[in-house]
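Take a look at the letters that make up each chain.
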Amino acid sequence: MKAFDYYRAESPADVIGTDARPIAGGTNLLDLMKHQVETPDRLADVNHVGLDGIERDGDGLRVGALVRNSDLAADPSVREGWPLLSRAILAGASGQIRNRATTGGNLMQRTRCYYFYDLDTPCNKRAPGSGCSAIGGVNRIHAILGASGDCIATYPGDMAVAMSALDAVVEVEGPNGRREIAATDFHRLPGDAPQRDNDLQPGEMILSVRLPAPLGGKHIYRKVRDRRSYAFALVSVAAVVVMDAGRMSTVRLAFGGVAHKPWRVPAAEALLQGQAPSPDLFDRAADAVLDGATGQGHNDFKIPLLRRTLNAVLAEATEGSK
Amino acid sequence: MSDPIEVSLTHRMNFPDKEDLLDRTAQGILGTPMDRPEGPLKVSGTATYADEDHPPGTVYGWLVRSSISKGWVTGFNTRDLRAMPGVLAVIRDKRMLRNPAQGQASKAPYQGPAEIFYKGQPIALVVAETFEQARDAALNARADYDDRSAKGVFVPAEAKYEAPRSQQASKGDLDEAMDEAAFAVDVEYHTPSMSHAAMEPHAAVAWWDGGHVTLRGSYQMLGSNKAELADALGISPRNVRILSPYVGGGFGSKLGISHEGVAAAIAAQKLGRPVAVALHRRQQFETTHRRSESRQRIRLSCGADGRMTGVGHDAWVSNLPAESFSEPVTQATPFTYDGENRQIGHHVGRLNITCAGSMRAPGEAIGVPVTEAAMDELAQAAGIDPVEFRLRNIPEKDPSSGRPFSSNRLADCLTRGAESFGWKDRRENGARREGEWLIGMGVASAIRVNMLVPSTARVILLPDGTARVETDMTDIGTGSYSILTQIAAEVLGLPADRVTTVLGDSDLPQSSGSGGSFGAASSGSSVMLAAKAVREKLAKRMDCDPDDLTLKDGYAIAENRRRTLAEVLEGDTLQGTGTIKKGLTSVDHQQACWGAQFAEVAVSTVTGEVHVRRLAATFACGRILNAKTARSQCIGGMIFGIGQALHEEISTDARDGSFVNRDLAEYHVPANLDVPHIDIEFLNDRDPYANPMQAKGIGELACCGTAGAIVNAIANATGERFRSFPVTLDKVLERLG
Ligand SMILES: Cc1cc2nc3c(=O)[nH]c(=O)nc-3n(C[C@H](O)[C@H](O)[C@H](O)COP(=O)(O)OP(=O)(O)OC[C@H]3O[C@@H](n4cnc5c(N)ncnc54)[C@H](O)[C@@H]3O)c2cc1C
Ligand code: SF4
C-alpha cells in the first residue's frame, strides 16, 4: 500500500471541493489500494459526516450516502414500498460486507474485470492508453452491451440496477453547489475514456439517493450467477410490473452484469406498457433490450441468458394477474 | 525427577492384525465424537497460526512476481527500491525456489529466481521494517528481462506429451472387446486446473541462532520439510527446526517446503533478524501448486448381461518442465470394476503455467468422478439401473494384478447408501420437473487407495498418572489433536483430559505427516504402539499378562487388584516410543477405502443454474477414530466435490498462461447456500491388513466420487451428459434449447 494522508471529515463540507478521496465502508477502496490499483494521496473518512439516515421525502424516500447496505435492505419502509431495492441489495456480496458497505460506496464500486486488478497487464481503465487485456483474453464476466473498443468491463453492482429501474435520483454536491443525476445516467459508458466510471466530477460528493413514490405492483430482482451467493451477477434483471385489467400498466426494467452501467431500455418498456402479457411480446421486448448486443467469446452466453431470464421474470411478474 | 524408563515397540505390517487391541481396551473414548482439545483456542483466536506469532524485532518480506511467462531476469531496480522508506534488503538469491517441493520430496525443489518458467514466478524478496513498506516496494519493483514468452506453451492442446513407460499398462485386447461388446462407451472428459485455496495462506517466519534456523510456518509434513529446507539452504537438517502447531488447511498445498519458508530463512540469515513472509491470496494461487487440468478418455464395454468386458482409461495432464509429479488420474481404475480387457495410459505435457502438485486425493479426486460418469453412460446404454450396474461389476479380486483385496465393501456401501438415500424413487432421465426446475438423482462410487507411511511417536506417562503424546505430526484442521489424544487415552485407560498432545515441532519424533489420507492411520498407529509399550510395562508392574490388564479411568486393574496409575508408577516416568512401518500387507493385498455417494440436483430450464438439493454418502474406511472429526472430514470432502462439479476452475489466459481469477471473489468455491443437507453414514468396518488400529483414510475418500454423483444427477435431470467440469450454467444453457 502506498503511504497516504488520512483525516476524519466531520461534515460533507470537509470533503466537498477537496482533492481528498472519500472512504466509507472501505470494502472496495481498501482492496484496490492494497493492490495499488488506486493510489490516493489523501483519504477523507466520511463515516462521521452524518448522512446516515433514511427519511420520508413526500411520497418518496431519501437515503443518506452513508446508510449501510444491510440497514437499507432491512428498512421497513423500503421493504414495503421499494422491495426491489431491498432484494437487489440482499442478492449482493455477503452479510459481513453489506454491514460495512454504504449507499455511496456501492454506487462508486469499481469493475471486477480481472485485468483491472493486475498491475502487470494492460488496462485502459487503470492505465489509460495501455490497451484492454480483456479483449481477446478471458472475458466471461464482461459486457455484451454498450462496450467500446477500449474497454468491455461491466459495472458489477446490484443495488444501482434496482435504483435505475426505480427511477431513483442521486443527489451530489460539488464546489459549484448541488445537482441531481438520474440513477440511470449516473454511470457512463466506457467510450474512449474508460477510466471514468460515472459522472461524479472531481470535488463532488454523493449526499443521498432519492427514491420517488412507490410504484406498487410486483417487484422482482433475479440475479443469475455462478454460485448461489457471494458472486457477482452474470446477468441480473430488475423488474417492476403493475397489472391493471389484464394489462401491464407500468413496466420498469433494468439489467445488471451486462454493461458498464445498469442497462435500461425505454423502448422495451414502452413495448410492454399497456399490453396484455404474452411470450411473444416478452420476446420482442428482449429483442429491444438486446439490440446491438455483442459477445466477446467467453461471454456470448449472456445474450441468450438475458433473454431467457427476462422472459421468465416477466412471466412471473404477470402470472395470475387479471 | 529421575530419568524416564524407556520402552519401545516397532511394528511392521507384514501380516494382518489379529490382536484387536482397540476392541479390547476399556476406556471407551476412541471413536466417540469428542470435541477437539484445541477447539476453544481456535474459536477464541488464541491458537496462533504461522503468521500470528512473531519474535521481537521481526521484519517483513514480500515476494516480487515475474511479469513475463518465460525467459530470464537480467536486471533489477534494486537501487531504487533500497531508497524507498523502510526497505532493508532486496534479495535475489539463487537458493530461492521456482516452485514448492512436491510431497515427501525430502530434497529441495527446482531453485533459482533468475530463469522464468511461468508468469507470476517469484523473482525477488523485498524486506522492509513494516509489512506495508515491503509490499509497497515490491509493487514498485521493475525487472529487466530477456523475454522468451513467445516461446512459452500455455495451453494443453499445444503441449508436447510424454508417456512414461512405467505408467502404461494393458491386459487382453481392449479394442476387440469394444468392437464385440453389446454395449460400449468411448468418451472424453475434461477437468480444469484447480487451486487448494486453503483458508490460511502460506506464511512463515524464520530466525537464526548461530548456524541453526527455526522456521515457524504452515506445513503438513515436518520431517520431509526439514530435509527440504536444509537442502535448499545448503545446511544440515540437524540445524533446522520447523514449527507448525496449527495449520489452517493444506489440502496438499503445504506438503512441501514453499517459497515463503526458504525466502524467509535466507533473508533472516542475511539480515540477522527474524523475517516473516506471507503469501497473499493471489500469490498462493499462482506460485504454489495447482491441481493439473486433465483430458480423460474412457472406454468401457459390457455384454448384454451387463457384465463388463473392457475398461480403458487414458489421461493427459501437465506440469512445468522437469517436475516429476504428474496427477495419477487413473490410480483407482485398475481395480475398481471387472473386465478382462484393460488399458491404462498416462501422458504428461509440459506447460509454462504454475506448477502442478498434489491436491486432496491426487488422482482419484478427478479420475473417479470421470470414470463414474462414464459408468453411468454405459449403464444407461445397457438399460440397467446405475446402482445395479455397478453391483454387477465389482470384482472378487484386483482384476489387473490378481491380488486379493484387503477388504472390499463397495457393494455394501452402494446397497446401504441406495436404501438410505431413497434411490428407488429415481425416475427416467428428464422425467421429473418442478416448475422451471428439472430434478435428477445420481450415484457414484467413491474409491481411494489406502496407504501406510512410517511414523514414530512418543507417549510419556508421568508419575501423576497423566500422559503426554509427542510427535511431529501436524493437525491441518483434520483433527489430529483429537484422535491422537483419544488413542493414547484409550490404550492407557485415561480420561481424555489427562492426556496432552503436542504436535507440529520437527524436533519431536518423525511422523508420517498429514497427506494422502495416511496421517491418522500412520501417526495413530505409532501412538497406539507407544502407548502399548507403556501398557506392557504397567502389566509387568502389576504382575500380570498384558491381556489380563484392564486400564480405565486412571486405574490399573488385574484380577482383584485395583491401583491408581500414580501408585503403580511409584514416582517413575514411563516413556514409550512406537514406530509403525509398512510391510507385506501393502504389497500382497490391494487396499482401498470405499464409499457410495448420492446426489439430488435441480437444474433451471431458464438459466441453466444447477442447485444441489441433497447429498448422501455411505463410507467404509475401517475403524472410526472420532465420529465427529470423521464426519467433518466427509462433509468437507463432499463440499469439495460440489465445487469440483459446479464451480471450481482456474481461468488461464491462453496468451501468457496467467491465472486471471486468482482471488476468492472470482475463483468460486461453494458458498454456504450452495451446500445442501448432507447425510453421512459409516459402515461398521475393520481392515486388519491396513494397520494395527484397523483404521483407514477418510479425508480424501469423501471427495472422490461426489462430483460424479452430481453430474450423473444432472444427466438424470436433463437427459444431457456434460463432459466438461465444472458444469457452469453457460454449458447447460447451450444444451437446453
Ligand atoms: C468479495 C466481494 C463480493 C461482492 N459482491 C457484490 C455483489 O454481489 N453485488 C454488489 O453490488 N456488490 C458486491 N460487492 C461490492 C460491495 O457492494 C462494495 O464493495 C461496497 O458497496 C462499497 O461500499 P463501501 O462503502 O465499502 O465503499 P468504499 O470502499 O469505502 O468506497 C468505494 C468508492 O466509493 C467512493 N465513495 C464512498 N462514499 C462516497 C460518497 N459519499 N461520495 C463519493 N464517493 C464516495 C470512495 O471514494 C471509493 O472510490 C462485493 C464486494 C466484495 C469485496
Ligand atoms: S475491460 Fe476495461 S477494465 Fe478490463 S482490461 Fe479492458 S480496459 Fe481494463
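Residues numbered from 1 in each chain as written. Chains lettered and ligands numbered in written order. Predicted model: local features only at pLDDT ≥ 70, side-chain atom pairs only at ≥ 80, totals over all residues. Heavy atoms only, no water.

Novice: Honestly, the overall build of chain A in this entry has me stumped. Any pointers?
Specialist: When you go through chain A residue by residue, the secondary structure sums to 11 helices and 11 strands. Taken over the C-alpha trace, chain A has a radius of gyration of 19 Å; the compact-globule value for 322 residues is 20 Å, and the two agree within 12%. Looking at chain A as a whole, 58% of its 322 residues are labelled buried. In chain A, once contacts between residues fewer than 6 apart in sequence are set aside, the share between residues at least 24 apart is 65%. As presented, chain A carries roughly 12200 Å² of accessible surface, and 47% of it is formed by carbon and sulfur atoms. (Helix = DSSP H or I, 4+ residues; strand = E, 2+ residues; numbered from the N terminus. Rg over C-alpha atoms; globule rule 2.2 N^0.38 Å. Buried < 20%, exposed > 50% of the residue type's maximum accessible area, 1.4 Å probe, protein only. Contact = heavy atoms within 4.5 Å. Areas by Shrake-Rupley, 256 points an atom, 1.4 Å probe, with all protein chains shown as cover.)

Novice: I would appreciate a short explanation of the pattern of salt bridges in the present structure.
Specialist: Under the criterion given, the structure shown has 76 salt bridges over all chains. B:R416 is the salt-bridge partner of B:E419, the closest N and O atoms lying 3.1 Å from each other. Of this pair, B:E419 and B:R416 both sit in helix α11 (residues 410–421), three residues apart, which is roughly one turn of the helix. Shared partners join several salt bridges into a network, and the residues in it are A:R21, A:E38, A:R110, A:K125 and A:D197. (Salt bridge = Lys/Arg side-chain N within 4 Å of Asp/Glu carboxyl O.)

Novice: What exactly am I supposed to notice about the domain arrangement of chain B here?
Specialist: Interface extent is often summarised as the accessible area lost during association of the parts. Residues and elements named next belong to chain B. Here chain B is described as being made up of domain 1 (5–30 + 453–582), domain 2 (59–150 + 197–287) and domain 3 (370–451 + 588–736). For domain 1 and domain 3, the distance between their C-alpha centroids amounts to 36 Å. Counting residues at the interface gives 27 residues for domain 1 and 20 residues for domain 3. Roughly 1900 Å² is buried in total at the junction of domain 1 and domain 3, and carbon and sulfur atoms are behind 58% of that figure. At the surface where domain 1 touches domain 3, the tally comes to two salt bridges. The salt bridge involving R623 is made with D23; its shortest N-O contact spans 3.1 Å. Between the two partners, domain 1 and domain 3, sit seven residue pairs in polar contact (both at pLDDT 80 or more). Within the residue set of the side of domain 1 that touches domain 3, elements represented by two or more residues are β1 (5–13), α12 (480–492) and α13 (519–541). (Domains from an automatic or database assignment. Buried area = accessible area lost by both parts, 1.4 Å probe. Polar contact = N/O pair within 3.5 Å; in protein donor to acceptor, adjacent residues only side chain to side chain.)

Novice: Just to check I follow, could you spell out empty space enclosed by the protein for this structure?
Specialist: Vacant regions in the atomic arrangement are exposed by a probe of water-molecule size rolled over the atoms. Within the structure shown, the criterion is met by seven cavities of 30 Å³ or more. Reported here for the largest cavity is a volume of approximately 150 Å³. What lines the largest cavity is a set of 18 residues, and nearest its centre among them are A:I141, A:F232, A:A233, A:L234 and B:E666. Of the residues belonging to the lining of the largest cavity, the class tally is nine nonpolar, five polar and four charged. (1 Å grid on protein atoms, 1.4 Å probe; cavity = no way out; pocket = protein on both sides within 12 Å on 5 of 7 lines; lining within 4 Å. Points joined across faces, edges and corners; volume = space filled by probe spheres on them. Nonpolar A, V, L, I, M, F, W, Y, C, P; charged D, E, K, R; others polar.)

Novice: Sorry, what's going on with the site of ligand 2 here?
Specialist: Taken together, 13 residues form the shell around ligand 2, and within it A:C113, A:C123, A:C132, A:C151 and A:I152 come nearest. Classifying every residue of the shell around ligand 2 by side-chain character gives eight nonpolar, three polar and two charged. (Near = heavy atom within 4 Å.)

Novice: I would appreciate a short explanation of the sheet that holds strand β7 (residues 143–147) of chain B in the present structure.
Specialist: Strand pairs in the sheet, formed through backbone hydrogen bonds, run parallel or antiparallel to each other. Read across the open sheet, the three strands follow the order β5-β3-β7 (chain B); overall the sheet is antiparallel. The open sheet has two edge strands with one neighbour each: β5 (115–116) and β7 of chain B. (Pairing = 2+ DSSP bridges.)

Novice: Even after reading the chapter, I still don't get the packing of aromatic side chains, so can you show me in this structure?
Specialist: Each aromatic ring pair is specified by the distance between its two centres and by the angle formed by the two planes. Residue and element names in this part refer to chain B. Scanning the model with the defined rule gives 15 aromatic pairs over all chains in all. Both rings, one in Y110 and one in F117, keep their centres 5.2 Å apart while their planes meet at 75°; by these two values the pair is edge-to-face. The partly exposed category is assigned to Y110, whose relative accessible area is 31%. Ring-pair connections join several aromatic residues into one group, and the members of that group are Y49, Y246 and Y481. The ring of F421 has R614 lying over it, and the distance from NZ or CZ to the ring centre is 4.0 Å. (Phe/Tyr/Trp six-rings, centres within 6.5 Å; stacked < 30°, edge-to-face > 60°. Lys NZ or Arg CZ within 6 Å of the ring centre and 35° of its normal.)

Novice: Explain the site of ligand 1 here, please?
Specialist: Neighbouring ligand 1 are 32 residues; A:P22, A:G26, A:T27, A:T102 and A:D158 lie closest to it. Looking at the residues close to ligand 1, they fall on chains A and B. In this structure, A:P22 approaches ligand 1 through a main-chain N or O atom, which is 2.5 Å from an oxygen atom. Between ligand 1 and A:A93, the relevant distance is 3.0 Å, taken from an oxygen atom to a main-chain nitrogen or oxygen of the residue. Taken by itself ligand 1 offers 970 Å² of open surface, and the protein chains cover 96% of this. Counting residues per element, the ones that place at least two in the shell around ligand 1 are β2 (21–23), α6 (103–108) and β8 (205–211) of chain A. Ranked by residues supplied to the shell around ligand 1, first place goes to α6(A) with four residues. For the shell around ligand 1, the residue count by class is 16 nonpolar, 12 polar and four charged. A domain split of the shell around ligand 1 shows at least three residues from each of domain 1 (5–45) and domain 2 (218–318) of chain A.

Novice: Whenever I open this one, helix α3 (residues 131–139) of chain B confuses me. Can you help?
Specialist: An α-helix turns once per 3.6 residues; consequently, residues spaced three or four apart project the same way. All of the buried residues in α3(B) are B:A134, B:R135, B:D136, B:A137 and B:A138. On the buried face of α3(B), the contacting elements are α1 (29–34) of chain A together with β2 (59–65), α2 (78–82), β4 (87–91) and β6 (122–128) of chain B.

Novice: I keep staring at the state of the cysteines and nothing clicks. Help me out?
Specialist: As used in these notes, a disulfide is a covalent bond between sulfur atoms, one from each of two cysteines. Residue and element names in this part refer to chain B. If you walk through the whole model with that rule in mind, you get zero disulfides over all chains. Unpaired in this structure, C355 has its nearest cysteine sulfur neighbour in C703, at a distance of 20 Å. On the basis of relative accessibility, which here comes to 1%, the residue C355 falls in the buried class. Its sulfur unpaired, C413 is 8.2 Å from the next cysteine sulfur, which belongs to C621. (Disulfide = S-S within 2.5 Å.)

Novice: I would appreciate a short explanation of a negative patch on the surface in the present structure.
Specialist: All names here are of chain B. On the surface, a cluster of negative charge is made up of D173, E176, D179 and E180. Looking at the secondary structure, you find E176 in helix α4 (residues 174–180). Taking the relative accessible area as the measure of exposure, E176 reaches 40% and is therefore partly exposed. (Patch = residues over 30% accessible without salt bridge, like charges linked within 9 Å, V, L, I, M, F, W, Y side chains within 5 Å. Lys, Arg positive; Asp, Glu negative; His and termini not counted. Charge placed at Lys NZ, Arg CZ, Asp CG, Glu CD.)

Novice: Would you explain the interface of chain A and chain B in this entry?
Specialist: The interface is formed by 36 residues belonging to chain A together with 39 residues belonging to chain B. Surface buried jointly by chain A and chain B totals about 3200 Å² across both partners, of which 51% is contributed by carbon and sulfur atoms. Of all residues in chain A, the largest losses of buried area upon contact with chain B belong to A:R227, A:R228 and A:R308, amounting jointly to 24% of the total for that side. There are five salt bridges connecting chain A and chain B. A salt bridge links A:D118 to B:R662; the nearest nitrogen and oxygen atoms lie 3.1 Å apart. Remark: the boundary between chain A and chain B carries 15 residue pairs in polar contact (both at pLDDT 80 or more). At the level of elements, β9 (218–224) and α11 (302–318) of chain A are the ones that each hand at least two residues to the side of chain A that touches chain B. Across the side of chain A that touches chain B, the residue classes break down as 15 nonpolar, eight polar and 13 charged.

Novice: Looking at this structure, I do not really get the nonpolar core. What am I missing?
Specialist: All names here are of chain B. Ranked by size, the top nonpolar core spans 96 residues in total, and within it L300, M308, V601, F619, L646, I710 and I714 carry the most contacts. At 10 residues, the largest contribution of residues to this core is made by helix α9 (residues 364–382). Apart from residues no more than four positions distant in its own chain, L300 is found in contact with M178, F183, A184, V185, M308, G310, V311, A374, M375 and L378. In terms of nonpolar packing, the next biggest core, distinct from the first, is built from 53 residues, V499, A531, V534 and C544 among them. (Core = buried A, V, L, I, M, F, W, Y, C linked by side-chain atoms within 4.5 Å.)

Novice: Explain the packing of α9(B) against helix α16 (residues 706–718) of chain B here, please?
Specialist: Packed helix pairs are characterised by how far apart their axes lie and by the angle those axes make with each other. Residue and element names in this part refer to chain B. Closest axis-to-axis distance for the α9/α16 pair is 7 Å, and the angle between their directions is 35°. Of the two elements, α9 crosses α16, and the hand of that crossing is right-handed. Contacts from P369, E372, A373 and D376 in α9 reach A707, G708, V711 and N712 in α16. Looking at the contact of α9 with α16, its residues break down into four nonpolar, two polar and two charged. (Axes fitted to C-alpha atoms, helices over the stretch in contact; angles between N-to-C directions. Left-handed = near helix turned anticlockwise from the far one by under 90°.)

Novice: What is the right way to read the sheet that holds strand β3 (residues 42–45) of chain A from this model?
Specialist: Residues and elements named next belong to chain A. Sheet architecture is open: three strands sit in the order β1-β3-β2, paired in parallel fashion. Pairing within the sheet leaves two strands with one partner each, and these edge strands are β1 (5–8) and β2. Averaged over all pairs of adjacent strands, the angle between their axes in this sheet comes to 30°, without regard to strand direction. In terms of strand pairing, β2 meets β3 through three bridges, oriented parallel. The residue of β3 that forms the bridge with R21 is L43.

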